[in-house]
Structure formats: structure tokens, C-alpha cells
Amino acid sequence: MDSSKILILVVFLFCCHVSPSSSSVSITVYPTTLTRTSRIVTVRWSGVESPSELDWLGIYSPPKSRNEDFIGYIFLRNSSSWLKGTGSVEIPLVNLRANYVFRLFRWTRDEVNPKHRDHDKNPLPETHHRLAVSEEVMFEAAALPDQIHLSFTDHENEMRVMFVTADGAESFVSYGLDADRLDQIVETAVRRYERKDMCDFQANSSIGWRDPGFIHDGVVKNLEKGKKYFYTVGNDAGGWSPIHNFISRDSDSNETIAFLFGDMGTYTPYATFYRIQEESRSTVKWILRDMEALGDKPMFVSHIGDISYARGFSWIWDEFFNQIEPIASHIPYHVCIGNHEYDWPSQPWRPDWSYSIYGKDGGGECGVPYSLRFKMPGNSSFPTLTGSPNTQNLYYSFDAGVVHFLYMSTETNFLQGSAQYNFIKSDLERVDRNKTPFVVIQGHRPMYTTSNEVRDAPIRQKMLEHLEPILVQNNVTLALWGHVHRYERFCPMRNFSCVDVSSNFTSTVGAPVHVVIGMGGQDWQPIWEPRPDHIDVPIFPQPERSMYRGGEFGYTRLVATREKLTLSYIGNHDGQVHDALEILSGQTLKGTIDSNEKTLKNSVDDQKTPSSDKVASVESIFPWYMKAAIALVAAVLLGFALGFLTRYRRDALERAQWTPVKIVEL
């Protein structure tokens, strides 16, 4: 090939990858060094000729990533001055333990590839024409501890503290009752996972994989009940985190507070390969509001599956833990596994009836990030059979004040005879209802829903067949589920039949109240189940068993005392209560009845047994026939009183309250 042809080829390749106007395009970033408290970078560009509405800014970490391996993108049209070929955007970044760089690309309508789409079927940006590259942006002290979160252990006088570092250096948790005197210290264990541990695309690809850092796990011990502890994590060589605090557990407390939801996900300040969950920010905001209002009381979070929605894109986990750290560094953050943490085509437990259920929702993670980034009580484990770490945090339980909480996995074997079934059955049978009069079970996929989620019908049938009987037999109070991204509250129910729809029930009638609480942030959701004869023009009847249906994002707040459990549905658009459920404990009702019965009996006894002086006076004044008449009247009064007492006992044993609203909230 002669030199002229070589020159033509070089020019052609250059034109394919760099716009002719690229020499005039500039891109700057400020600041180039970020900190934990100042992590917003401003990206400015200029010199873009004939701007296209599809021109975009790519976000990359590490800096040497391929053009197609961006972590996110922002269209230049988000800047008000983009038509002039100049503009700027501000982007809050999280510490990925590697530097960032920004690349500017030209993309036009005629280059849209209909086969290269994101999760919502929108075309993903093409990278053929790169116009400019910024200098690198770094985090100061990038190895400092990050993503701090708490959880309970199997012992009441302990608290688990977990965090991430870049280098895995020996690190500690220093803690105490005085923020100025952290006089106790424990060393942390360290673990991590590798790209080879991922089971499928995209988690094991260059598009999805990023180094997750080193996960530290420390357990602080010998805590006094219900006390405020201060702590920091890190080491002297690399530095320490800011001082945080938590309230230790107190089994003697007559109050339980928890924030419960499913399917929250993660907000990112950029678009990426999959849909982000913008509403998750509001869920975090209102929970922080409630935490501040409640003050120094023990409380915790329960996030029942579909945690970050990373689905194989590793950096989403980093974004998620940074998002929840203001909550999770102060109160325990408890989780159970969902389909988007786990499911992949070759998962070990996939019976014939489940092939429409378990697919690729985990994005190739096969539960590994979930299992290592969290550590829940208990030691439940299930093999991946791929050489990857076992799946953990599947089923466990703990007491918090007056409530016993039980978590289960709907993604691994729960059928009768399985290890999980045996655990659930044994755990429920061991509950001391004098200590914890309320029992709450939680899992990801719902046993009951009126959404048109037909794909999950087989698993719901198996849950009804294998699990509902033991929930009924052991008088479970509440069953909370996610997966369906709406709120729905059912009547006290067993086998699709309401035990009561008049709002009169107690926690001991053998009919759990099922509530779907998957409205934490993810917005995609099937419609409600239509009437069979109105498929083309759907009509969505609300069955009698469905007491309240809501489409508002939000969370639930549980507050329980020995007397009453209240579950409130908080909506994100206003932070107000949209629905409330109240259940009185049978234990408390009995105490109230006994007290009322004693009071009434004493009143009757006072009438039956006057003092000796009065008896003598009556004897001297009334003849025998008058005494007989008085005795007859007294007997009638006593019969009336006992009849009233019997009626009161019957009514009281059935009495409990929830908000008797039966509507669909749009």
C-alpha cells in the first residue's frame, strides 16, 4: 500500500472517532480534588459547533475505561446555554476509590442504533465521535472509611458496624458513651469479592464491573441497654471517619419503632444503563425527618428486597450506600434478599414450576455483593454452585422491644422440609408472646396481591400451600411483602377469606394482616388485576379482602407498645400519613378485661357485703319479707352486671382498630 492510501486511511479513521470540530472543543473541571463534605464537581465546555440535542457528556471511572464503559451520561442540552456550544453542569460524585474523567461526544439522530437500548428501550448514546476529554478528578484521602452502616447481631448487647475502604488496611471501631472519650476499641474483619465471583453478564463484564473495595466488619460488645453510644471507624495511619452515634438495643423497652419498605433502589445524578429510582431520595428524606423527630429512641430500618437495583453495575452499590449512610450510620439497616440481588439463569434452586419466575433479574451478581456487603443475624447460607461465595442473609429473626421480627427468602427453597421452612416453623413456635405480643414476618415476593403480576402466580400458590398454615397456626400479626411497587393493605385473612372486615380484630385470631409495601422508590409496576370480562377496556375492581390500595411512593412506620401496634403508610409527596393500621394485643386486652372485671366485681361485692353496723341496722328495721325483696332485686342487679361483663369481655377480645378506608389512591 502506497503512502497516499495510508494517509487517506488515517484521515478516515480519525474522522470516524473525532469530530472535525474537536480541535476547538475544550472541557474543564473544578475542583479537581473532592472531599467527603465537598463532592460536587462543575464540568464546563465550549467550542461545540452546530450542537446536536443528542451531544452528551460521559462520566468514567477509572479514567482508562473504554469509551463504551461509561458509568453514566448527561446530555449537554441540560445546560441552558447548550445551543451556543457552551455550557456547564454540576455533578455530585461518590468515592469509587478510583479517579474520574469526563468525555464529550457528538451524537446525531441518524446515528441512533435501535438495537443499542437501555432498560426502558431508549437508545443508549454512541461513542463514535469523541470531541474532548477532561483532566482527572480525584477524592482526597480516597482510602478513608466510607459507606458506614449498622445492623443487629444475635446478641442484644452488641452492634455490628460495617464500612468500605480502598486498601483493606487494618482498621478499627472506636466507641464509648462520651464523644470526647471513645475508650473502647475492636478490630474489624476484612473481606471482598472479585470479578470472577460474578456469575453472569453484566456483573462479570467490563461494562458492569468496578473494584468494590474492601468490606470491613466490626462488632462492638458489652453495650448497656438503651444507651447512646458514639463511635468512629478507621485507623491512625489512614485516618478516621467523623464521629457517629447509635442507641443500643433494650429488650425491656415498652416501645418498638421501625421504618419498613421494599424496592427502594438508588438515585444517581446521571442517566445510566438501567432506570434509576429518583423517588428513593424522598424516602430517605422523610425517614430522616422522622428520626430527628423521634430523638434518642431505639429504632431500625427494614428494607425487604430489591435493595440498590445495581443489577450487575457495581458502582450503583457505592451510590446506594452513600445515599443511606445518613440513616444507616445511626440506626441498624436490615434487609432480606430480592430477585434483583440474586436471580440468574443457573441458580441452584429452580424447580419446574418456577421457570416463569426466576430469570436474569440479578444482572449476574448471584447474590454475592448482597451477601458480603451486609451481615444480618443468624447464619443462613445457600451454595451458589459456581465457586462463588455462598448466598447469605436469607432468613433470620430478632426481638426488638415488644415485637418479634422474622425475615425470609422468597428466592431460595422455602417449601416444607427445606432448611428455611424448618427455621421459620421452629422460630415461630418458640416466640414468647408474653415478651413479644406481636410477630411480624417479612419477605420480598408477596403471598397476597391484587396487582396483575401473573408471572408470580406459581410462587404465590406455593407460599399459600407451604407457609400460610404455619403463619396462621402461630398467630402471626403482620406479614409484610415487597416486589409489587405499590402499597396494599388486606383484611385479617387466611386462604383468601377475611376473618373480619369490620375493623374488629386482635393479633391472636390466627389470621395475619398482609401488607404489600414495595413502594420505596422503583416506579415500574403492572396495573391492578382487571375484571376477566373487561380485558380490552380494563376495570379494576377492588376485592373485599383489599382494604386499601395506594400508588404513592413512600414507606411505612411501625410503632408498637405492649398495648398496641400501629403501622402508618407515609406518602413521599407530602410526608403525611395516607393509611394507618392499629392492632391491639390480646395480652393487653386480657389485662384490661381483668382490671375492669375486678373493678366491677368489687362494686358488686360492696353492694352484697355491707359493713356489720349497716347489717345490724337493716336487721332491726326491715322484716323478713322486705329482706327477701331486697335479695331478689340484688340478684337481678347481679345478673345484669354479670351479663354486661360477659358482653364486655366478648366485645373487647374482638376489638382492635384500623383506618376503615377502602379506596384506590391514584
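All of these numbers come straight from a predicted model, not from anything done at the bench.

Let's shift gears to the overall build of the protein. Helix and strand content of the protein: 11 helices and 35 strands. Looking at the 666 residues of the protein, the share that counts as buried comes to 53%. In the protein, of all internal contacts separated by at least 6 residues, the share reaching a separation of at least 24 is 73%. Total accessible area computed for the protein in this model is approximately 28700 Å², and 54% of it derives from carbon and sulfur atoms.

We now examine the packing of helix H2 (residues 280–294) against helix H3 (residues 315–328). Two numbers describe how H2 lies on H3: the axes approach to 10 Å, and their chain directions differ by 10°. As summarised for this structure, H2 and H3 are arranged roughly parallel, according to the angle between their axes. Between H2 and H3 lies a crossing whose hand is left-handed. Mapping the contact onto sequence places Ser 280, Arg 281, Val 284, Ile 287, Leu 288 and Met 291 in H2 and Gln 323, Pro 326 and Ile 327 in H3. Looking at the contact of H2 with H3 residue by residue, the classes come out as 6 nonpolar, 2 polar and 1 charged.

So, on to the nonpolar core. In terms of nonpolar packing, the biggest core is built from 127 residues, with Ile 91, Phe 102, Tyr 333, Phe 374, Phe 405, Leu 478 and Leu 558 touching the most fellow members. With residues near it in sequence (within four places) discarded, Leu 558 still touches Thr 256, Ile 257, Ala 258, Leu 260, Val 403, Phe 405, Val 440, Leu 478, Leu 565, Thr 566 and Leu 567. Core analysis: the second largest hydrophobic core is formed by 30 residues, Leu 428, Leu 464, Val 476 and Cys 491 among them.

A few words on the side chain of Asp 69. Among the secondary structure elements, Asp 69 is positioned in the loop between strand S4 (56–60) and strand S5 (72–75). Note on Asp 69: relative accessible area 3%, which makes it buried.

Looking at the secondary structure, you find Glu 68 in the loop between S4 and S5. With residues near it in sequence (within four places) discarded, Glu 68 still touches Thr 127 and Phe 273.

Strand pairing in a sheet takes place through backbone hydrogen bonds and is either antiparallel or parallel in direction. The strand order across the open sheet built from 6 strands is S21-S20-S19-S32-S33-S34, with neighbouring strands paired in mixed fashion. Edge positions in the open sheet fall to strand S21 (333–336) and strand S34 (577–584), since each of these has one partner strand only. Averaged over all pairs of adjacent strands, the angle between their axes in this sheet comes to 20°, without regard to strand direction. Here strand S19 (residues 256–261) pairs with strand S32 (residues 554–560) via 5 bridges, running antiparallel. Bridge assignment links Thr 256 to a residue of S32, and that residue is Ala 560. With respect to the sheet, H2 is in contact with S19, S32 and strand S33 (564–571), its orientation differing from that of S32 by roughly 25°.

What counts and how
Residues numbered from 1 in each chain as written. Predicted model: local features only at pLDDT ≥ 70, side-chain atom pairs only at ≥ 80, totals over all residues. Heavy atoms only, no water. Helix = DSSP H or I, 4+ residues; strand = E, 2+ residues; numbered from the N terminus. Buried < 20%, exposed > 50% of the residue type's maximum accessible area, 1.4 Å probe, protein only. Contact = heavy atoms within 4.5 Å. Areas by Shrake-Rupley, 256 points an atom, 1.4 Å probe, with all protein chains shown as cover. Axes fitted to C-alpha atoms, helices over the stretch in contact; angles between N-to-C directions. Parallel < 35°, antiparallel > 145°, perpendicular 65-115°, else oblique. Left-handed = near helix turned anticlockwise from the far one by under 90°. Nonpolar A, V, L, I, M, F, W, Y, C, P; charged D, E, K, R; others polar. Core = buried A, V, L, I, M, F, W, Y, C linked by side-chain atoms within 4.5 Å. Pairing = 2+ DSSP bridges.

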